[in-house]
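The chain contents come next:
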Amino acid sequence: MLNDSHCHFFSANFFATLSRQRGKGDSVEALCRELQWDDPGTAEALADRWVRELDARGVARSALIASVPGDEASVGAAVAKYPSRFVGFFMVDPSSEDAVTDAIVTQGLRVACLFPAMHHVALSDDRVERVVAAVAAHPGTAVFVHCGVLSVGVRKKLGLPSKFDLSLGDPLSLTRLALAFPRLPFIVPHFGAGMLRETMMAADVCPNIHVDTSSSNSWIRYAPGWTLTGVFKTAMSVLGPSRMLFGTDSSFFPRGWQQGVYESQRTAATEAGISESDQNLIFGGNFDRLFSL
Ligand SMILES: [Zn+2]
């Protein structure tokens, strides 16, 4: 059983938001043509396409991330159509009045995603604590916190500025929040995206901090000798098998679900000596435990 805890839902509204940010007046269709990606159509049509893709790849359930603030309704439509297949995640900018409660209660989404480096709001900021408290008020929810290196491929491709302050993405600054909300799961994607040691330190003192394994994890080139197998071994020794969530970071079509990312992680987990039953947790069971139907 395979569940993917990190897929992006690149909806028409997502592309329309990027087009507005670029200010050249491109339609969604024109933007997709420029990117050489498929036009997503309606949120329901994109949800249908994702379900067909997951079926073809043998993936039971996946996260779908609303990847700009304000796109909660697109993922909400996908989740409403396929509640047993998708878990809705949504990006929150704590510096604006984002309606966390509305996303959770009205749209049925479950995970608020914080990008401190992108939104220039430190995790120690009171506004972040208010966002987290609003999430924690609802059972079956979690908070995703992007730490470490951040690069958004689609922004680069479109020539959009990415004025990120990476110093705000230190996993150690997550510990205060995670300890303040001990029953709320926190997920740090990509093993901390370059800040593996700090992520392990934070997770060692906060039993509610999880990692996702998603993306190609090309950050391993930042330190001499790091390998994905070694990363899996380290995470196993500190977090154990119950706090690692498999993910691919799949996003656009026609590329679709990233089979190659899955296969390299499966190989690394096996090379790391992780047993079949522990791999079952990492590649599916933990997701079902955190996001029970
Ligand atoms: Zn991602």
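Just above sits the structure.
Residue indices follow the written sequence of each chain, beginning from 1 at its first position. With the structure being a predicted model, the display of local features is reserved for residues of pLDDT at least 70 and the display and counting of side-chain atom pairs for 80 or more, all residues being used for whole-chain, interface and lining totals. To obtain the side-chain values, all non-hydrogen atoms of the structure were included, while hydrogens and water were left out.

A. The arrangement of the pattern of salt bridges in detail. Here a salt bridge means any side-chain nitrogen of Lys or Arg lying within 4 Å of a carboxyl oxygen belonging to Asp or Glu. Evaluation of the coordinates by the stated rule reveals 10 salt bridges. Here D55 and R85 are joined by a salt bridge, their closest N and O atoms 2.8 Å apart. Separated by 30 residues along the polypeptide, D55 in helix α3 (residues 43-57) and R85 in the loop between α4 (72-81) and β4 (86-92) bring together distant segments of the chain. Owing to a relative accessible area of 48%, D55 belongs among the partly exposed residues under this scheme. In this structure, E129 engages R176 in a salt bridge whose closest nitrogen and oxygen atoms are separated by 3.3 Å. Here E129 is found in helix α7 (residues 126-136), whereas its partner R176 is found in helix α9 (residues 175-180), with 47 residues between them in sequence. A relative accessible area of 28% means that E129 is categorised as partly exposed. Salt bridges linked by common partners bring R22, D26 and E34 together as one network. The helix and strand labels rest on DSSP assignments: H or I over at least four residues marks a helix, E over at least two residues marks a strand, and numbering proceeds from the N terminus. Categorising residues by exposure relies on relative accessible area from a 1.4 Å probe, with only protein chains included: less than 20% of the type maximum marks a residue as buried, more than 50% marks it as exposed, and the intermediate range marks it as partly exposed.

B. View of the environment of G108. Position of G108 among the secondary structure elements: in the loop between α5 (100-105) and β5 (111-114). With 36 residues separating them along the chain, G108 and E72 place their C-alpha atoms 9.3 Å apart. When neighbours within four sequence positions are excluded, G108 is seen to be in contact with V79 and A103. Here, residues are in contact when the closest pair of their heavy atoms is within 4.5 Å.

C. Examining the packing of aromatic side chains more closely. Side-chain rings of Phe, Tyr and Trp, where Trp is taken by its six-membered ring, are said to pair if the distance between their centres is within 6.5 Å; with planes under 30 degrees apart they count as stacked, over 60 as edge-to-face, and otherwise as tilted. Inspection of every chain in the model, using the stated rule, returns 20 aromatic pairs. With a centroid separation of 5.0 Å and an interplanar angle of 65°, the aromatic rings of W50 and F253 are classed as edge-to-face. Taken together, the residues W50 in helix α3 and F253 in the loop between β9 (244-245) and α12 (259-271) connect sequence positions 203 residues apart. Grouping residues by exposure puts W50 and F253 together as buried. Aromatic pair F246 and F283: ring centres 5.0 Å apart, planes at 35°, arrangement tilted. With F246 in the loop between β9 and α12 and F283 in helix α13 (residues 276-290), this pair connects stretches of sequence that are 37 residues apart. On the accessibility criterion, F283 (1% relative accessible area) is buried. Through a chain of ring-to-ring contacts, the aromatic side chains of F10, F14, F15, W37 and F252 assemble into a single cluster. Charges are assigned to positions over rings by a cutoff of 6 Å between ring centre and Lys NZ or Arg CZ, combined with an angular limit of 35 degrees from the ring normal. Here the basic side chain of R266 rests over the ring of F283, its NZ or CZ set 3.9 Å away from the ring centre.

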